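If you want the building blocks of each chain, they are given just below.
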Amino acid sequence: MVFLVILTSIVCLTVTFVLWMRKRFSYWKEMGAPYEEPSFLYGNLKGVGKQDHDGQLIEKFYRKHKGRGPFVGIFFFLVPVVVPIDLELVKNILIRDFNYFHDRGLFYNEKDDPLSGHLFTLPGLRWRRIRNKLSPAFTSGKMKTIFPLIVKIARRLELKLNEISTSESQVDIKDIMARFTVDVIGTCAYGLEANSLEDGQNEFFHVGMSVFENPRHGTGFTFLLLAFREYARKLGFKTFRDEVIKFYSSTIRKVVDYRLANNIERGDFMDILIRLHVGGNEEPLTFNELLAQAFVFHSAGFETSSSTLQFCFYELACNPVIQEQTRSHINEVLGEHGGELTYEAVADMKYLDQVIAETLRLYPPAGNHIREVTQDYKVPGTDFILKKGTSVMIPIYAIQRDAEYFPNSTSFNPDNFTEENIKSRPFAAYLPFGEGPHMCIGARFAMMQVKVGLVTGLRNYKYTLSERTGRPLKLQSKFFLTNVDGGIWLNIERLK
Ligand code: HEM
């Protein structure tokens, strides 16, 4: 009898669950919108973080449904997600109708994981208050002040490349460029000499890399946290590994205490954060707010730029004519500036801008830009209403590889970014730094450090592809950022 009751209850619960799930999965169908058929439980996320890079996964839906409507509806597990396809809609979401999409709706939990409450994750007014306070740290005037700090690290990069070219003659370009950008951010953000270019075991480097290479959760689980973030927060889930939280918390605490005790100012990002923390301004930043922003400058700042550098060197190794043209351009502009690597010289390297833009087109570090519908939104020109709480994934990787906007869209061609070609495309066809009020706050800084890394790497060295690099590249997506299985190895040869 008891057995029969248990069995009947299990059957009833299973049937109720399946019916409820079918109802959830009919969300887009009932709206009459184009949608991708979901599979049991996973929705449309099957394979993400295992076979698929998240940019490539969404690209499949983008291609399949392009031309059928302004967006396609998909599911992350049981949660409906809208993928805009029409570029006017993309522009409206990011800029014109920002008030309907002012949050990313990402998971964070400041109580159990103080690193997680940063600009990228904070919602609404909390994001606005901190963004307004931090924006002055990234003006072009500030970049000019910081520039010599980057050049100092570039000298060490030059020494390292020289050492490798005379000894091993092959370089793991991701490793070396990650060390360069970790050292740059270490000095520009914290005033610390990380020196990972010389110290193979450097803790800054290893902990920083582990944020992306050994994240606490895989991409699939991260999407799950995103979909059920309120519950996850109540249950005390964290974003980062305990050792990462411990390392950054104690390092930043020591830097802040030391600077305050010794009245030290270095003109770097940390000065600005400390002033916002104790400077007697309205609503000062709490220590945990300072900590989270210092952390995001470090992690967002080094990984995205080193990934851009690695892909750029890779493409230049595969395209020797463009590599030579870039090197000649660098030498010509440096010649006009007395051979000195100055802020002005780097600003004048217009062809280098094109080479970087083309790299960011093919390999945007973030494959999708995320938003949440923060109030019901009627999609212009249609009767579709996107309900408050729906997630939005803007498919940047897919758009930037769409042959409608970029002919021969998978080939590396810096001429895609001549002034004339830029003008001939819709505005939203190229957005590696995002756009609108949530646009990357560090874009200027990023361009500066990537340019200095390229000038230093290309001036005196030539690169070809090593047999150790698997082709075609197999992109991975750990923690939402674009990476490569097995790394990228290049042969390096000193030119003079
Ligand atoms: C090549 C390098 C970089 C790329 C491609 C990149 C890309 C992005 C993208 C796509 C976003 C989201 C934009 C959106 O949702 O519309 C973003 C946001 C952000 N980035 Fe970057 N980034 C880079 C470097 C940096 C650096 C160097 C820093 C800091 C020093 C930084 C700090 C941030 C922060 C704090 C946000 C959140 C901004 C907000 O929501 O207010 N990024 N970045």
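If you're wondering where the values come from, they're calculated on a predicted model, not measured in any experiment.

Draft legend 1. Just the site of the ligand, in detail. Looking at the ligand, there are 28 residues lining it, with Trp127, Arg131, Arg371, His438 and Cys440 nearest. Side-chain polar atom of His438 to an oxygen atom of the ligand: 2.7 Å apart, as the coordinates give it. Elements with a minimum of two residues in the shell around the ligand: α5 (124–134), α13 (287–318), β4 (369–372) and α19 (443–459). Here the element with the most residues in the shell around the ligand is α13; it accounts for 7 residues. A per-class count over the shell around the ligand returns 16 nonpolar, 8 polar and 4 charged.

Draft legend 2. Up close: the side chain of Gln323. Looking at the element boundaries, Gln323 is found in helix α14 (residues 320–336). The class for Gln323 is buried, based on a relative accessible area of 2%. Of the polar contacts made by the side chain of Gln323, one reaches the backbone nitrogen of Tyr463; its length is 2.9 Å. Excluding its chain neighbours within four sequence positions, the residues that come into contact with Gln323 are Leu316, Ala317, Leu458, Tyr461, Lys462 and Tyr463.

Draft legend 3. Seen up close, empty space enclosed by the protein. The tally for this structure, following the rule as stated, stands at 2 cavities of 30 Å³ or more. Here the second largest cavity is characterised by a volume of approximately 40 Å³. In terms of lining residues, the second largest cavity is bounded by 10 residues, among which Val211, Pro215, Arg216, Phe240 and Arg241 are the most central.

Draft legend 4. Molecular detail of the coordination of the iron atom of the ligand. Donor atoms from the protein around the iron atom of the ligand number only one, Cys440 (SG), found at 2.3 Å. Mapped onto the elements of the fold, Cys440 is located in the loop between α18 (419–423) and α19.

Draft legend 5. Spotlight on α14. With 17 residues, α14 should cover 24 Å at 1.5 Å per step; its first-to-last C-alpha distance of 24 Å lies within 8% of that length. Looking at α14, one finds that the buried residues are Ile322, Gln323, Thr326, Arg327, His329, Ile330, Val333 and Leu334. Across the axial projection of α14, the buried residues extend over an arc of 160 degrees, all falling on one side. Facing away from the buried surface of α14 by more than 90 degrees, the exposed residues are Pro320, Val321, Glu332, Gly335 and Glu336.

Draft legend 6. The pattern of salt bridges, seen in detail. Summed over the entire model, instances satisfying the criterion amount to 31 salt bridges. In this structure, Glu36 and Lys64 form a salt bridge, with 3.1 Å as the shortest nitrogen-oxygen distance. One end of the pair, Glu36, is in the loop between α2 (27–31) and α3 (54–65); the other, Lys64, is in helix α3, and 28 residues separate them in sequence. Lys64 sits in the exposed class, given a relative accessible area of 53%. For the salt bridge of Arg96 with Asp97, the shortest nitrogen-to-oxygen distance reads 3.5 Å. Take Arg96: its relative accessible area is 59%, and that puts it in the exposed class. With relative accessibility at 11%, the residue Asp97 sits in the buried group. One network of salt bridges, with partners in common, ties together Glu110, Arg126, Arg129, Glu283 and Glu289.

Draft legend 7. Looking closely at the environment of Leu276. Relative to the elements of secondary structure, Leu276 occurs in helix α12 (residues 269–278). When the C-alpha atoms of Leu276 and Phe120 are compared, they prove to be 18 Å apart, with 156 residues separating the residues in sequence. In contact with Leu276, other than residues within four places in its own chain, are Lys133, Leu134, Asn281, Pro284 and Leu285.

Draft legend 8. Region of the structure containing the UniProt feature "transmembrane region" (unreviewed entry) in the chain. Under the local residue numbering, the UniProt record ascribes the feature "transmembrane region" (unreviewed entry) to residues 6–22 and 69–87. Measuring from the first to the last C-alpha atom of residues 6–22 gives 24 Å, for a span that is 100% helix and 0% strand. End-to-end, the C-alpha atoms of residues 69–87 are 11 Å apart, and along that stretch the chain is 5% helix and 63% strand.

Draft legend 9. How the structure looks around the side chain of Gln400. Counting through the fold element by element, Gln400 comes out in helix α17 (residues 396–400). Within the local environment of Gln400, its side chain forms a polar contact with the backbone oxygen of Leu360, the two atoms lying 3.0 Å apart. Within the local environment of Gln400, its side chain forms a polar contact with the backbone nitrogen of Leu431, the two atoms lying 2.9 Å apart. In this view, Gln400 contacts Leu360, Arg361, Pro364, Phe406, Ala429, Tyr430, Leu431 and Pro432; residues no more than four positions away in its chain are not counted.

Draft legend 10. Up close: the environment of Ser116. Inspection of the secondary structure assignment puts Ser116 in the loop between α4 (87–96) and α5. When residues no more than four places from it in sequence are discounted, the contact partners of Ser116 are Tyr108, Asn109, Glu110, Thr121, Thr239 and Phe240. Within the structure, the side chain of Ser116 is placed 2.9 Å from the backbone nitrogen of Asn109, a separation counted as a polar contact.

Draft legend 11. Examining the sheet that holds strand β8 (residues 461–465) more closely. If you walk across this open sheet you meet the 3 strands as β3-β11-β8, and the pairing is antiparallel. Strand pairing shows two members of the sheet lacking a second neighbour, β3 (170–172) and β8, which therefore form its edges. Ignoring which end each strand starts from, the neighbouring axes of this sheet average 40 degrees apart. As paired elements, β3 and strand β11 (residues 489–494) share 3 bridges and run antiparallel to each other. From the neighbouring strand, Gln170 faces β11, where its bridge partner is Asn491. Sheet contacts for helix α6 (residues 140–166): β3, β8 and β11; angle to β11, the most-contacted strand, approximately 95 degrees. Against the sheet, α13 makes contact with β8 and β11, and its axis sits at roughly 80 degrees relative to β8, the strand it touches most.

Reading guide: rules and limits
Residues numbered from 1 in each chain as written. Predicted model: local features only at pLDDT ≥ 70, side-chain atom pairs only at ≥ 80, totals over all residues. Heavy atoms only, no water. Near = heavy atom within 4 Å. Polar contact = N/O pair within 3.5 Å; in protein donor to acceptor, adjacent residues only side chain to side chain. Helix = DSSP H or I, 4+ residues; strand = E, 2+ residues; numbered from the N terminus. Nonpolar A, V, L, I, M, F, W, Y, C, P; charged D, E, K, R; others polar. Buried < 20%, exposed > 50% of the residue type's maximum accessible area, 1.4 Å probe, protein only. Contact = heavy atoms within 4.5 Å. 1 Å grid on protein atoms, 1.4 Å probe; cavity = no way out; pocket = protein on both sides within 12 Å on 5 of 7 lines; lining within 4 Å. Points joined across faces, edges and corners; volume = space filled by probe spheres on them. Donors = N, O, S within 2.8 Å, 3.2 Å for Na, K, Ca; no water. Expected span 1.5 Å × (residues − 1). Arc of directions from axis to C-beta. Salt bridge = Lys/Arg side-chain N within 4 Å of Asp/Glu carboxyl O. UniProt positions renumbered as here; feature names shortened; annotations may be inferred. Pairing = 2+ DSSP bridges. Axes fitted to C-alpha atoms, helices over the stretch in contact; angles between N-to-C directions.

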